[in-house]
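Chain by chain, the residues run as shown.
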Amino acid sequence: MNARRISYLLVAVLVVATTLISACAPAATPAPTQPPAPTQAPAPTQPPAPTKAPEPTKAPEPTKAPEPTKPPAPAPTATVPPAKCEKLPNMPTVKAGELGSPEKPIIIIFVPSGDVPTITKAGNETADCLSKITGLSYKIEVGTSYAAAIEAMGGGKAHLSFLATFAAILAKEKYGVEPALVSQRKYATNDIDPDKALKDQLEPFYKGQFITKKGSGIKTLADLKGKTFCFVDPTSTSGSVIPQIVLKANGINPEKDLKAIQYAGSHDNVAIAVYKGDCDAGVTYIDVRATSATVQKAAPDILDKTEIFFVTDRIPNDGMQSAKGLDAKLKTATVDGLLSMMADAGGKAVVRRAYSYDALQKVDATFYDPFSALMKKAGVDPATLFK
């Protein structure tokens with residue numbers, strides 16, 4: 001027991017001694033403290049960049065006027081082939097010096113219903129082609145008027161003619177001239193025509209139209225009193241005869257009620273005269289203003305500057321006539337030759353340059369008789385117009 005106590009006492013003494021020694025030992029020297037890094041002066045503040053003056057406000061770009069609308073490019077014109085003019089079988093033969101020979105050509109007379117140089121050129125081209133088709137010789141003449149053409153047919157100076165309807169009726173009344181062919185055209189119309197549904201159909205009739213310049217104050221036939229007026233020719237069906245009947249039927253005496261009358265000589269000339277103001281109003285076939293190249297060239301804006309205020313009744317078309325006594329074989333050969341030309345695109349183009357036919361059809365000598373009777377009923381006797 002004592003030994004164990006002695007052991008515990010010795011351990012306790014050692015612990016106390018160790019504690020005293022630790023308390024009396026000098027404290028460990030602490031590591032020297034590093035002086036703090038010197039504080040760097042702050043970088044000098046950069047002065048702010050000078051504020052730029054605001055850019056001056058640019059004036060807005062001026063608004064450009066819209067580009068004018070360009071008219072659509074015209075469709076390319078189809079190239080017309082040359083006329084074939086191939087000789088037909090069973091054509092008559094003539095001896096030297098006989099009618100139809102080079103020494104004595106068949107005379108075809110054309111009337112100046114349009115531009116004379118154009119008709120003359122197209123007439124010569126038609127005669128040349130007919131000569132190749134038939135083997136006969138032809139020569140063309142262009143009459144100075146319808147009356148001159150009628151007299152040439154009646155006096156043996158021409159054998160075939162292209163007369164307007166009334167002139168053909170008059171030629172038959174006076175000299176026995178007979179229709180051989182009548183033209184067919186795509187029906188031309190306008191906004192006030194009751195037959196406008198027939199537009200572009202092939203028809204053997206046409207109509208006349210009364211035209212005036214826009215702003216003239218002429219709206220009805222009654223407004224023509226005291227005005228100047230242009231007719232085509234005294235024997236032009238749509239350009240004089242029928243219009244005069246129309247005027248009289250509406251209480252207007254052309255000789256007394258119109259300020260002045262002028263015969264312009266052709267439908268083209270009437271349209272141009274009205275456009276220029278040479279006449280207050282005038283009458284033409286429908287619609288020379290749009291279909292005539294001569295009118296379009298002379299007055300390209302005529303459709304904008306003129307207007308239609310009256311349309312006539314139907315009028316039988318013009319065509320080709322033969323003089324009384326012409327050899328039937330020569331007449332038949334020429335008729336067949338022209339029909340052959342109209343069946344060929346190139347030949348048709350040649351004929352159309354003269355009279356804008358779309359087709360031709362054979363007719364007998366009585367073709368115009370109903371229309372002639374109608375005019376006589378209206379008090380117009382063709383036989384009394386020229387003595």
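Definitions and cut-offs
- Residues numbered from 1 in each chain as written.
- Predicted model: local features only at pLDDT ≥ 70, side-chain atom pairs only at ≥ 80, totals over all residues.
- Heavy atoms only, no water.
- Phe/Tyr/Trp six-rings, centres within 6.5 Å; stacked < 30°, edge-to-face > 60°.
- Helix = DSSP H or I, 4+ residues; strand = E, 2+ residues; numbered from the N terminus.
- Buried < 20%, exposed > 50% of the residue type's maximum accessible area, 1.4 Å probe, protein only.
- Lys NZ or Arg CZ within 6 Å of the ring centre and 35° of its normal.
- Polar contact = N/O pair within 3.5 Å; in protein donor to acceptor, adjacent residues only side chain to side chain.
- Contact = heavy atoms within 4.5 Å.

Asks: Report on the packing of aromatic side chains, specifying residues and quantitative values.
Replies: Working definition: an aromatic ring pair is given by the centre-to-centre distance plus the angle between the planes. Applying the stated rule across the entire model yields twelve aromatic pairs. On the basis of an interplanar angle of 20° and a centroid distance of 5.8 Å, the ring pair of Phe110 and Tyr355 is categorised as stacked. Within this pair, whereas Phe110 is found in strand β1 (residues 106-110), its partner Tyr355 is found in helix α12 (residues 345-355), the two being separated by 245 residues in sequence. Each member of the pair, Phe110 together with Tyr355, is buried. Between Phe229 and Phe231, the ring centres sit 4.7 Å apart and the planes meet at 55°, which makes this aromatic pair tilted. Side by side, Phe229 and Phe231 carry an identical accessibility label, which is buried. Three or more aromatic residues joined by ring pairs form one cluster here, namely Phe210, Phe229, Phe231, Tyr263, Phe309 and Phe310. A cation over an aromatic ring shows up here: Lys213 above the ring of Tyr275, its NZ or CZ 5.8 Å from the ring centre.

Asks: Lay out the side chain of Arg289 in plain terms, naming residues and giving numbers.
Replies: Within the secondary structure, Arg289 is located in helix α8 (residues 288-291). Under the relative-accessibility criterion, Arg289 is labelled buried at 6%. There is a polar contact of 3.0 Å between the side chain of Arg289 and the side chain of Thr306. Non-local contacts of Arg289, meaning those with residues more than four positions away in its chain, are made with Gln209, Ile211, Val295, Gln296, Ile302, Leu303, Thr306, Glu307 and Ile308.

Function cannot be read off these values alone, since they describe shape.
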